[in-house]
Amino acid sequence: MRFGYDYATLRAAEQRALANCAPDALLKQAARKVAAVAIADLKADGFFVPGSVIAGLIGGGNNGADGLYALAYLARRGAVAQALVLHPRPPAGALAAAQAAGVRIHFFGAEDDSARPLTETETARLLSLARSAGIWIDALTGIGLTGQLRPRLQQVIKLLREEAESSPKPPTVIAVDIPSGIPVVSETETTWGALPAEIIPADVTVAMGGASSPLWLPPASLQCGTVEELDLGFDLLGQPARTIVVGREDLPDLLPPADAWSHKYNRGVVTILAGSENYPGAALLAASGAHGQTAFSADLRAAALTAVHPGMVRYVGPPALQQLVVASYPRTVVSADLSAALLKSDAVVCGPGWVGEGRYSQLREILKFAQTEGVAVVLDASALDLFARLYQDSPATMAAAPTMITPHLGELRRIGDALGLVGEPNPVKLGARIAQLAGVVVLVKGHQSVALTPAGQAYTAPPGSPLLARAGSGDILSGILGAILAIRGSCGIAAADESLALSAMAATILHSESVNVGN
Ligand SMILES: NC(=O)C1=CN([C@@H]2O[C@H](COP(=O)(O)OP(=O)(O)OC[C@H]3O[C@@H](n4cnc5c(N)ncnc54)[C@H](O)[C@@H]3O)[C@@H](O)[C@H]2O)[C@@H](O)CC1
């Protein structure tokens, strides 16, 4: 797993590390890593370091200092290192070191008026210098950015973004700590990966000492390129992470294997309520996910086979759909009796294609059962509108049951509106607010899915396959998720919010993997 921290945690860790080392020692260590990334990029493209032109976009804080020291290393290796200084007071020690190493220093807007836009002449000079470089080191602002980016910096970032986008040979952009302009702190709350008006998208971001949350959360994460974390000795172990990134390598730890004593009743029983006359396919798709009827690449197969093969899949629905499900998945135990099925369940999935009379009271019954027995419930698709209604009627029922709702972006907005959370454009933040208000885990499904817990943590995984963007994907995912929750539930892994969120990430990784190999 990888972790993202909030501003206060990172700052405190930085202060503790700084107390134990010489002035600028950490900055120089950070700079060496940035220089190494630049050198690796040159070599990968078949260039030599001597003679290669590298531009550093230099701001006024320690982020700028990292950039200047990196240019100094590169100049000593023979690169033509150009510092484009865009702050009236660049960090003095790093500037002197860069000059001494032969870095060429170019000042823009030396007077202290960051509201004045660059003149035409300055703009032309900036672009010409930037154009001559194959690598840009973006060191304008790091985690010290506060408030809205000042106008001149906004103008500069816009100019350079447009230059990079329109260039036939775009530069490799290496962001120091975080692409400039992305806020890590605001006065009132974590920024949840918000994007500024202007940004130069990075190919690589080198996170210094510890990664900030926006590096992992969309939409900001989608502009950060590959994130490389540099260990600077920050003691972050044991510090609360705001964001947890689950990878394929974590799956074996999240998916308990069956053992010699496993049987159909103790290996997890998942009950599915899905499909209707108009949407019969939803019942089949959810069942296929729960039965693990998905292909996986060889290295995931071992984990996946145990993960998505619960002891039993039960289906509750009308007789015609029961027949359909059994015809495709004969292992399914079907019934029309919800109460009887619930009694034997370790997890319940409800919602794909699930329309018709009586759903509201069924949902109430499921949540009451979940509340009493501590059994995890996944609410998807049609159950989401019922969820909003139920929350309005009886909020306590929601918060007390281990519940996860799984909206895509359109459904998320509808739930937000129904709960009175209007006008929040950032889906991750909206999901976090719904989670907090309703006391449920919210899995925001999309290119990069994020699960938000009521306690304010975000769980995510690398972006999924583009092939997931089609009808029926969510139905399969809900089945996979139900199977994982049932297995974990039967193994005594508590259906606490963190466990639900981790299960959601395991399910999204497996789901994405399965469509990539042909399902
Ligand atoms: N202190 C240390 O030893 C270490 C610092 N590190 C680096 O230092 C960075 C943090 O340094 P700082 O705290 O100096 O902060 P930053 O360098 O991130 O930001 C401060 C600079 O941003 C400008 N700024 C702030 N708000 C602005 C706005 N709204 N519009 C335009 N400009 C604005 C300020 O004028 C100042 O020049 C990290 O992101 C990281 O790159 C890391 O290398 C780790 C070690």
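These numbers come from a predicted model, not from an experiment.

Colleague: Please set out the packing of helix H8 (residues 280-291) against helix H10 (residues 319-328) residue by residue, giving values where relevant.
Modeller: Where H8 contacts H10, the two axes come as close as 10 Å, and the packing angle between them is 40°. Classified by the angle their axes make, H8 and H10 are oblique. When the axes of H8 and H10 are compared, the crossing they make is right-handed. Contacts between H8 and H10 involve Pro280, Ala283, Leu284 and Ala287 on the former and, on the latter, Leu321, Leu324, Val325 and Ser328. Of the residues belonging to the contact of H8 with H10, the class tally is seven nonpolar, one polar and no charged.

Colleague: An account of the site of the ligand is requested, with residue identities and associated values reported.
Modeller: Near the ligand, the surroundings consist of 27 residues, among which Arg11, Asp66, Gly142, Gln148 and Asp177 are the closest. Here a nitrogen atom of the ligand sits 2.7 Å away from a polar atom, N or O, in the main chain of Gln148. Burial of the ligand by the protein amounts to 89% of the accessible area it has alone, namely 870 Å². For the shell around the ligand, the secondary-structure elements that each account for two or more residues are helix H1 (7-18), helix H2 (25-44) and helix H3 (62-76). The residue inventory of the shell around the ligand, partitioned by class, reads eleven nonpolar, eleven polar and five charged.

Colleague: I'd like a rundown of helix H5 (residues 120-131), residues and numbers included.
Modeller: With twelve residues, H5 extends 16 Å between its outermost C-alpha atoms, agreeing within 8% with the 16 Å of an ideal straight helix rising 1.5 Å per residue. In the core, the buried residues of H5 are packed alongside strand E3 (80-85), strand E4 (104-107), strand E5 (135-139) and helix H6 (151-166).

Colleague: Now, about the sheet that holds E3: what can you tell me, with residues and values included?
Modeller: Taken in spatial order, the seven strands of this open sheet run E4-E3-E2-E5-E6-E7-E8, and their pairing is parallel. Every other strand in the sheet has two partners, leaving E4 and strand E8 (226-230) as the edge strands with one partner each. The sheet shows a mean angle of 20° between the axes of neighbouring strands, taken without regard to direction. Pairing analysis gives three bridges linking strand E6 (residues 172-176) to strand E7 (residues 204-208), with the strands arranged parallel.

Calculation criteria
- Residues numbered from 1 in each chain as written.
- Predicted model: local features only at pLDDT ≥ 70, side-chain atom pairs only at ≥ 80, totals over all residues.
- Heavy atoms only, no water.
- Axes fitted to C-alpha atoms, helices over the stretch in contact; angles between N-to-C directions.
- Helix = DSSP H or I, 4+ residues; strand = E, 2+ residues; numbered from the N terminus.
- Parallel < 35°, antiparallel > 145°, perpendicular 65-115°, else oblique.
- Left-handed = near helix turned anticlockwise from the far one by under 90°.
- Contact = heavy atoms within 4.5 Å.
- Nonpolar A, V, L, I, M, F, W, Y, C, P; charged D, E, K, R; others polar.
- Near = heavy atom within 4 Å.
- Polar contact = N/O pair within 3.5 Å; in protein donor to acceptor, adjacent residues only side chain to side chain.
- Areas by Shrake-Rupley, 256 points an atom, 1.4 Å probe, with all protein chains shown as cover.
- Expected span 1.5 Å × (residues − 1).
- Pairing = 2+ DSSP bridges.

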